[in-house]
Amino acid sequence: MTCFRLILALLGLFFVSGCTTAEPSPLDQPLVARFFMELRPGSAGVQVQLPVSKVVMTINPKPVLVESDIANVEFAKVDLGWCLYFQFSSAAARDLYRLSAANLGGRLVLTLNDAPVGARVLDQAIADGSLLIFVEVPNEELPPIAERLKRTSAAIAKKAR
């Protein structure tokens, strides 16, 4: 009888432990990147503030590039430090070229899950569909951010098919 109870207890533990769910990985949480164009002084728009530099900008409330436009995201080291390297789809690359050519001197503002984290001055027309942007987060957070952005964009692309 004792052996039967032991087996029953072990089976019970096996089934109960199988019912628990694992904590979702932070990498599996969606991270949505959107780019907004800064408006000219005096234009009505939405004011945003970068988290570290506290730079305040007025942006158009409608994004110019969205998560479905992103083909790939990496983190990269350039002369000035670590940044995010975005590569856009061919249609978005054409939009980025037109946008950057028409708004030289303006800033393109990056938001992650609607929080502004970086801005890039458009000092030249961007013809190759790729964009380097410095973000106001610690460098060690860049690899997981790039991975989450990549996963989110891939999931959106998969749903669109």
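Check the entry above for the structure.
What you are looking at is a predicted structure, and each value in this text was computed from that prediction instead of being measured. (Residues numbered from 1 in each chain as written. Predicted model: local features only at pLDDT ≥ 70, side-chain atom pairs only at ≥ 80, totals over all residues. Heavy atoms only, no water.)

### Examining helix H2 (residues 90-102)
Here's step 1: Along its 13 residues, H2 runs 19 Å from first to last C-alpha, staying within 8% of the 18 Å computed at 1.5 Å per residue.
Here's step 2: Within H2, burial applies to Ala-92, Ala-93, Leu-96, Leu-99 and Ser-100. Down the axis of H2, the buried side of the element spans an arc of 130 degrees, and every buried residue falls inside it. Exposed side chains of H2 directed beyond 90 degrees from the buried face belong to Ser-90, Arg-98 and Ala-102.
Here's step 3: Tucked into the core, H2 has its buried residues touching strand S1 (33-37), strand S5 (81-88), strand S6 (107-112) and strand S8 (130-133). (Helix = DSSP H or I, 4+ residues; strand = E, 2+ residues; numbered from the N terminus. Expected span 1.5 Å × (residues − 1). Buried < 20%, exposed > 50% of the residue type's maximum accessible area, 1.4 Å probe, protein only. Arc of directions from axis to C-beta. Contact = heavy atoms within 4.5 Å.)

### Some thoughts on the environment of Pro-138
Here's step 1: Position of Pro-138 relative to the elements: it lies in the loop between S8 and helix H3 (142-160).
Here's step 2: On the accessibility criterion, Pro-138 (36% relative accessible area) is partly exposed.
Here's step 3: C-alpha of Pro-138 to C-alpha of Trp-82: the two residues are 56 residues apart in sequence and 9.4 Å apart in space.

### Describing the pattern of salt bridges
Two side chains of opposite charge can pair, provided their charged atoms sit close to one another.
Here's step 1: What the rule picks out here adds up to 6 salt bridges.
Here's step 2: With a shortest N-O distance of 2.9 Å, Glu-74 and Lys-150 are connected by a salt bridge. Residue Glu-74 is found in strand S4 (residues 70-78), and its partner Lys-150 is found in helix H3; the two are separated by 76 residues along the sequence.
Here's step 3: The exposure class of Glu-74 is partly exposed, given its relative accessible area of 30%.
Here's step 4: Owing to a relative accessible area of 26%, Lys-150 belongs among the partly exposed residues under this scheme.
Here's step 5: Across the salt bridge formed by Glu-147 and Arg-151, the nearest N and O atoms sit 3.1 Å from each other. (Salt bridge = Lys/Arg side-chain N within 4 Å of Asp/Glu carboxyl O.)

### A closer look at the environment of Gln-124
Here's step 1: Its location among the elements puts Gln-124 in the loop between strand S7 (115-121) and S8.
Here's step 2: Sequence-distant contacts of Gln-124, defined by excluding residues within four places in its chain, comprise Ser-100 and Leu-104.

### Section: the pairing of strand S3 (residues 56-59)
Here's step 1: Sheet topology note: the strand S2 (residues 46-49)/S3 ladder contains 4 bridges and is antiparallel. Paired with Val-48 across the two strands is Met-57, which belongs to S3.
Here's step 2: Linkage of S2 to S3, two consecutive antiparallel strands, is achieved through a turn of 6 residues, within which Lys-54 is found at a positive phi near 65 degrees. (Pairing = 2+ DSSP bridges.)

### Section: the packing of aromatic side chains
Here's step 1: By the definition in use, this model includes 4 aromatic pairs.
Here's step 2: Pairing Phe-35 with Phe-86 gives two aromatic rings, centres 5.0 Å apart and planes at 85 degrees, and the pair type is edge-to-face. On the criterion of sequence distance, the pair formed by Phe-35 in strand S1 and Phe-86 in strand S5 is long-range, its members being 51 residues apart.
Here's step 3: Owing to a relative accessible area of 0%, Phe-35 belongs among the buried residues under this scheme.
Here's step 4: Phe-86 sits in the buried class, given a relative accessible area of 0%.
Here's step 5: A ring pair is formed by Phe-75 and Trp-82, whose centres lie 5.7 Å apart and whose planes are at 40 degrees; its orientation type is tilted.
Here's step 6: An aromatic cluster is defined as three or more aromatic residues linked by ring pairs; in this entry it consists of Phe-35, Phe-86 and Phe-88. (Phe/Tyr/Trp six-rings, centres within 6.5 Å; stacked < 30°, edge-to-face > 60°.)

### A few points about the sheet that holds S7
The strands making up a sheet associate through backbone hydrogen bonding, with each pair oriented either parallel or antiparallel.
Here's step 1: Pairing in this open sheet of 3 strands is antiparallel, and the strands run S1-S6-S7 from one edge to the other. At either margin of the open sheet sits one strand with a lone partner, and together these are S1 and S7. Adjacent strand axes in the sheet meet at a mean angle of 25 degrees when their direction is disregarded.
Here's step 2: Looking at chain direction, S6 and S7 are connected through 6 bridges and run antiparallel. Note on S7: the bridge partner recorded for Arg-107 is Val-121. (Axes fitted to C-alpha atoms, helices over the stretch in contact; angles between N-to-C directions.)

This is a description of form; function is not addressed.
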